[in-house]
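# Per-entry structural report
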Amino acid sequence: MFKIYLRVIGLLAPEKGLAATLAIANLALAGVFFLEPWLFGRVVDALAGTERHDAWRLIGLWAAVGFGGVIASVWVSLYADRLAHRRRLAAIASYFEHAIALPLSFHGEHHTGRLLRIMHGGASNLFGLWLGFFREHLATLLAILVMVPLALTINWKLALLMIGLMVSFAVFNAIAMRRTHKAQGEVEELHHAISERAGDVFGNVSVVQSFTRLSSEVAHVRGMMSRVLAAQYPVLRGWAVLSVLNRAASTLTIIAIFALGASLNAKGEVTVGQIVSFVGFAMMLIGRLEQFAGFISGLFFQTHSLNDFFRVLDTRLANVDKPGAPDLVAPRGEVAFENVSFGYDPAQPALRNLSFRVRAGGTVALVGPTGAGKTTALSLLYRAYDPSEGRITVDGVDIRDVGIDSLRRNISVVFQDPGLFYRSIADNLRIGKPDATDADIEAAARAAEAHRFVSAKPDGYATLVAERGRSLSGGERQRLAIARAMLKDAPILILDEATSALDNATEARIQRALGALTKNRTTFVIAHRLTTVRNADLILVLKDGELVEQGRYAELVAQGGLFAELDGQGRFVEDAVDDGSEEPAVLEARAA
Ligand SMILES: Nc1ncnc2c1ncn2[C@@H]1O[C@H](COP(=O)(O)OP(=O)(O)OP(=O)(O)O)[C@@H](O)[C@H]1O
């Protein structure tokens, strides 16, 4: 727990000058508040004596100390608040930056709902601890460190009772923590699971509604909440018992101080006045100890959440650049896979020993039954994952030896799932080219047959696309994904069933644009069109993660293997006739 606390405080390092000033100023302020009662006593003494002008001097000093203390407190709390807010946002930013760069395998295992909860929960706990650090943790610790030796010098026998109290606090806390640590971990895990479940249901709300699963989903979440309470109650009970024990120990200590004081008084070792002042002192120390116990219990309840936060930050990025890796600049686009194997689960390879080579500007069609590994093979090319064996080269250079960003800048992908953002249509297209002008965007949309439907929307290119593109038809989503890839204008293109959701006529028109797009670009296409397969320079036939055949269309048909079988089954769709028509919007624009 203390390691985590130190790490939390360590996150203030980027502003360590200000953080240290604030912490010291807070300590000084705690000291100033001790000064006031002392000055009060001095003033009373001065007024009672003859040195009345001294009293005025002291009153002036008292006013200056009091007023200065108030102003300094305002300054400290204002700057401490600002600093804590700034660092909280900085922590969220670094979490976000790190988490989105983590490998897809990590995102496969961690639901967005969980990652968001960890981000917000962790950041607000950091915030609370930082404020506590500036406002009371240090002052409490310092007060305890100063008061204990002071108590020993006043009367060591009475002080031993105080030390006994501190030890009992420490023991009770340790027992409570040991007994409840695991259960609190379960509580935290259940809270994550609730966020995960809720996020998942929000993301699939149309399915939930159409399958009339509303009440069962609510019942499930309520069931999880009952489990949270069942796990949380024993923890709360443990800590309630602890606070009662702490209280009882404090009361017993005060009584014991009186009792021991009385017996020492009987022996003439202490005066009644000394006992009374020691009790007053002991009460102050007990107050500080209780504050410290509160800090420990607060930290205890935040530990799991902070641990989860740091665990994400500590997850290593898989595809990091090798030191000094050069950028891949303007590649010609010759691509080779050399004995590439890969498995999402190392025990179950999704690709085995895949080897092929395509010339720059050539077109490769990947075909094969569903689940054969076509998408997986292409995802290795832009390093969504790295092969477990073998290597992939672009222009003869291993793609692991170049800057990953530069590699990805040179590859445009039209994903099977278009992956649209909850942003305007224009912003969705700008993902392909951030500095695209409105004219660029419109030209790409026209080429991808998207301009007409976009113009028909009330806000045109400013229309907000619903989460995951839910407000658009499947075909509209695909056309935006194609336009986005066109804007990117990269020398290597991956089309993963890019036009599968389009009607024949639209697809035929897009094929013209795609034909222009693929010219002089190395293109990988997971294809369902006969023309695409026929015109490909190389067809790769995959089955169960293995390359079973490769060659050109005529060769593969002549071979009479799997490809010929798929072809014979009418697996590839004949092209619709391109009637040479243009998008109506284009025609309208011309007519105007
Ligand atoms: N992220 C993932 N994690 C674990 N397994 C995966 C993942 N993605 C795909 N798989 C598995 O890997 C295998 C190959 O999947 P892949 O998507 O590459 O097939 P495909 O040939 O593109 O199929 P389709 O034609 O249906 O799109 C499948 O068994 C699939 O279940």
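Scroll up to find the structure this text is about.
Here is a short report on the structure shown in this document. Everything numeric here is computed off the predicted structure, so don't read it as measured data.

How two helices sit against one another is set out by the angle between their axes and by the gap between those axes. At a minimum axis separation of 9 Å, helix α6 (residues 156–203) and helix α8 (residues 214–266) run at an interaxial angle of 170 degrees. Here α6 lies roughly antiparallel to α8, going by the angle between them. The residue makeup of the contact of α6 with α8, split by class, is 29 nonpolar, 11 polar and five charged.

Ranked by size, the top nonpolar core spans 46 residues in total, and within it Leu 429, Tyr 461, Leu 480, Ile 482, Val 533, Ile 539 and Phe 563 carry the most contacts. Sequence-distant contacts of Ile 482, that is, excluding residues within four places in its chain, are made with Val 414, Ala 448, Ala 498, Thr 499, Ile 510 and Leu 514. Core analysis: the next-biggest nonpolar cluster, separate from the first, contains 37 residues, Leu 83, Ala 84, Leu 129 and Leu 131 among them.

Structurally, the α-helix is built with 3.6 residues per turn, so residues lying three or four positions apart point the same way. Helix length check: helix α16 (residues 504–518) (15 residues) gives 20 Å between terminal C-alpha atoms against 21 Å at 1.5 Å per residue, within 8%. Taken together, the buried positions of α16 are occupied by Thr 506, Glu 507, Ala 508, Arg 509, Ile 510, Ala 513, Leu 514, Leu 517 and Thr 518. As for α16, its buried residues are in contact with α13 (438–447), α15 (474–488), β7 (492–496) and β8 (522–526). Positive phi shows up at Asn 520, right after α16, with a value of about 65 degrees.

This part is about the environment of Thr 532. Summarising the element assignment, Thr 532 is placed in helix α17 (residues 530–535). For Thr 532 and Gly 515, which are 17 residues apart along the polypeptide, the C-alpha to C-alpha distance reads 9.6 Å. Setting aside chain neighbours within four positions, we find Thr 532 in contact with Val 525 and Ala 527.

Before going further, it helps to spend a moment on the pattern of salt bridges. Considering all chains together, one arrives at 28 salt bridges under this definition. Note that Arg 400 is salt-bridged to Asp 398, the shortest N-O span being 3.3 Å. Taking the relative accessible area as the measure of exposure, Asp 398 reaches 10% and is therefore buried. Here the salt bridges share partners, and the residues they tie into one network are Glu 334, Glu 338, Arg 357 and Arg 391.

Right, let's get into a nonpolar patch on the surface. A contiguous nonpolar patch, built from Leu 142, Val 146, Leu 150 and Ile 154 and spanning about 340 Å² of accessible area, is present on the exposed surface. Mapped onto the elements of the fold, Leu 142 is located in helix α5 (residues 112–154). Classification of Leu 142 by relative accessible area gives partly exposed; the value is 41%.

Taken across its eight residues, helix α10 (residues 374–381) has seven buried, putting it largely inside the fold. Those residues of α10 that fall on the buried side of the exposure criterion are Lys 374, Thr 376, Ala 377, Leu 378, Ser 379, Leu 380 and Leu 381. Just downstream of α10 lies Arg 383, where phi reads positive at about 60 degrees.

All right, on to the site of the ligand then. The ligand sits among Tyr 344, Thr 370, Gly 371, Ala 372, Gly 373, Lys 374, Thr 375, Thr 376, Tyr 385 and Gln 416. For the ligand, an oxygen atom lies 2.9 Å from a polar atom in the backbone of Gly 371. Ala 372 places a polar main-chain atom, nitrogen or oxygen, 3.1 Å from an oxygen atom of the ligand. In the complex, 57% of the free accessible area of the ligand, which totals 640 Å², lies under the protein chains.

Procedures and definitions
- Residues numbered from 1 in each chain as written.
- Predicted model: local features only at pLDDT ≥ 70, side-chain atom pairs only at ≥ 80, totals over all residues.
- Heavy atoms only, no water.
- Axes fitted to C-alpha atoms, helices over the stretch in contact; angles between N-to-C directions.
- Helix = DSSP H or I, 4+ residues; strand = E, 2+ residues; numbered from the N terminus.
- Parallel < 35°, antiparallel > 145°, perpendicular 65-115°, else oblique.
- Nonpolar A, V, L, I, M, F, W, Y, C, P; charged D, E, K, R; others polar.
- Core = buried A, V, L, I, M, F, W, Y, C linked by side-chain atoms within 4.5 Å.
- Buried < 20%, exposed > 50% of the residue type's maximum accessible area, 1.4 Å probe, protein only.
- Contact = heavy atoms within 4.5 Å.
- Expected span 1.5 Å × (residues − 1).
- Salt bridge = Lys/Arg side-chain N within 4 Å of Asp/Glu carboxyl O.
- Patch = residues over 30% accessible without salt bridge, like charges linked within 9 Å, V, L, I, M, F, W, Y side chains within 5 Å.
- Areas by Shrake-Rupley, 256 points an atom, 1.4 Å probe, with all protein chains shown as cover.
- Near = heavy atom within 4 Å.
- Polar contact = N/O pair within 3.5 Å; in protein donor to acceptor, adjacent residues only side chain to side chain.

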